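Reading the structure
If you want the building blocks of each chain, they are given just below.
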Amino acid sequence: MANQKNDLWTVLRMLEWGTDYFKKKQIPDPRHSVEWLLADVLEWKRLDLYLAYERPLSPAELEKLRPLIKRRAAHEPLQYIIGHTDFMGCRIEVNPSVLIPRIETEQLVEHLLEKTRQQHNDCLNLLDVGTGSGCIPLRIKQAIPGWNCFGSDISADALQLAKKNAALNSLDVTFFEADLFQLEDADMPDRPWDIIVSNPPYIEPGEREAIQKQVSTYEPDIALFHESPLDVYKAIAAFAHRRGAMLFLELNDRMADDIREIVLTFYPDAEIANDLDDNPRFLIADTGAN
Ligand code: GLN
């Protein structure tokens, strides 16, 4: 790119060059990455690029694009570079203080919406423990405006971003600081929690090598790793049970049976559900009250 400064760079040429460059750097979905970055610089929708292949890029646009391409070539996640992503129709800003929302977490929310279908007209109180960007309670509030939705997190930076995401989506969700191991003592809104949902840190430090480098290098350790994920699940399940809440958890699939064993001591009806790749990824536990 730098050597060809005087040549004419069109949208198409940049897409082709970028795809090739990212391919050499072993970036997954290389074309996808260059499309997103170019669309971001031009402030266009990605598909608009296809209608303007011959449009020349100005020197200022090339200047803006260059550092973004460099960051992606170093395997930084696209969502951190462009600063946002989509979570089931909510625009969610992300930065390295929060996890990038995953497809699996969308599936967790789908399970929750489906399982509670009969209660969508009730006024339930829902708490997402370890909310990060706030994507879970924000999407739920958007789908079921009559519920009171809350999110807690130990990270002040994450909470700041979650609050910003609530404002960006014009959704009334309250976020507060709490350590998931000290929920009982946390200074939290006094609510009869009906539903507790969580995608907690669930990777053991020993599993670091097994996860994508892009994830372990750029995403926050505090959202991914815990010395003892089973203790994390136990703390959340115990709290939910004391409050008589329904429980929805995203699981480390390699520990699904052990997690279920723990949750069964509180919720005799706890069930595992698989994700779309057929891995045991979710735990759904009802109080047996309805
Ligand atoms: N699903 C995430 C991953 O594998 C981990 C999420 C988590 O620890 N809660 O990257």
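Just above, that's the structure.
No experiment lies behind these values; they were computed from the predicted model shown.

**Quick word on the pattern of salt bridges**
Taken as a whole and judged by the stated rule, the model has 16 salt bridges. Between D253 and R254 there is a salt bridge, and its shortest N-O distance comes to 3.9 Å. The network of salt bridges with common partners includes E207, D253, R254, D275 and R281.

**Observations concerning the layout of surface pockets**
Reported here for the largest pocket is a volume of approximately 1,300 Å³. Q79, I100, P101, R102 and I103 are, among the 43 residues lining the largest pocket, the residues nearest its centre. Among the secondary structure elements, those contributing two or more residues to the lining of the largest pocket are helix 2 (30-42), helix 4 (78-82), strand 1 (84-87), helix 5 (103-115), helix 8 (213-218) and helix 9 (221-224). The computed volume of the second largest pocket comes to approximately 450 Å³. What lines the second largest pocket is a set of 31 residues, and nearest its centre among them are G130, D153, P201, I222 and A223. At the level of elements, helix 6 (135-143), strand 4 (148-153) and helix 9 are the ones that each hand at least two residues to the lining of the second largest pocket. When its residues are assigned to classes, the lining of the second largest pocket shows 18 nonpolar, 10 polar and 3 charged.

**Quick look at the pairing of strand 9 (residues 280-285)**
Of all 6 residues in strand 9, 5 are buried; the element is thus mostly enclosed. Of the strand pairs in this sheet, strand 7 (residues 246-250) and strand 9 are connected by 4 bridges, and their pairing is antiparallel. Bridge pairing in strand 9 links E250 to F282. Where strand 8 (residues 271-274) folds back on strand 9, the antiparallel hairpin that results is connected by 5 residues, among which D278 adopts a positive phi of roughly 70 degrees.

Reading the values: rules and limits
- Starting from 1, residues in each chain are numbered consecutively following that chain's sequence as written.
- With pLDDT at 70 or above as the cut-off, local features in this predicted model cover only qualifying residues; side-chain atom pairs require 80 or more to be listed or tallied, and sums for whole chains, interfaces and linings still use all residues.
- Here the side-chain values reflect all heavy atoms present in the structure, with hydrogen atoms and water set aside.
- Whenever Lys or Arg places a side-chain nitrogen within 4 Å of a carboxyl oxygen from Asp or Glu, that contact is recorded as a salt bridge.
- Cavity: a set of points on a 1 Å grid over the protein atoms alone where a 1.4 Å probe fits but cannot get out. Pocket: an open set with protein on both sides within 12 Å along at least five of seven lines, its lining residues, like those of a cavity, having an atom within 4 Å of a point.
- Grid points are joined across faces, edges and corners, and a volume is the space filled by probe spheres set on the points.
- To qualify as a helix, a DSSP run of H or I must reach at least 4 residues; to qualify as a strand, a run of E must reach at least 2; elements of each kind are numbered from the N terminus.
- In this classification, Asp, Glu, Lys and Arg are treated as charged, Ala, Val, Leu, Ile, Met, Phe, Trp, Tyr, Cys and Pro as nonpolar, and every other residue, Gly included, as polar.
- For every residue, the accessible area (1.4 Å probe, protein chains only) is compared with the maximum for its type, and the residue is labelled buried under 20%, exposed over 50%, or partly exposed between those bounds.
- If DSSP finds at least two bridges between two strands, the strands pair.

Without other data, these values stay purely geometric and don't point to any function.
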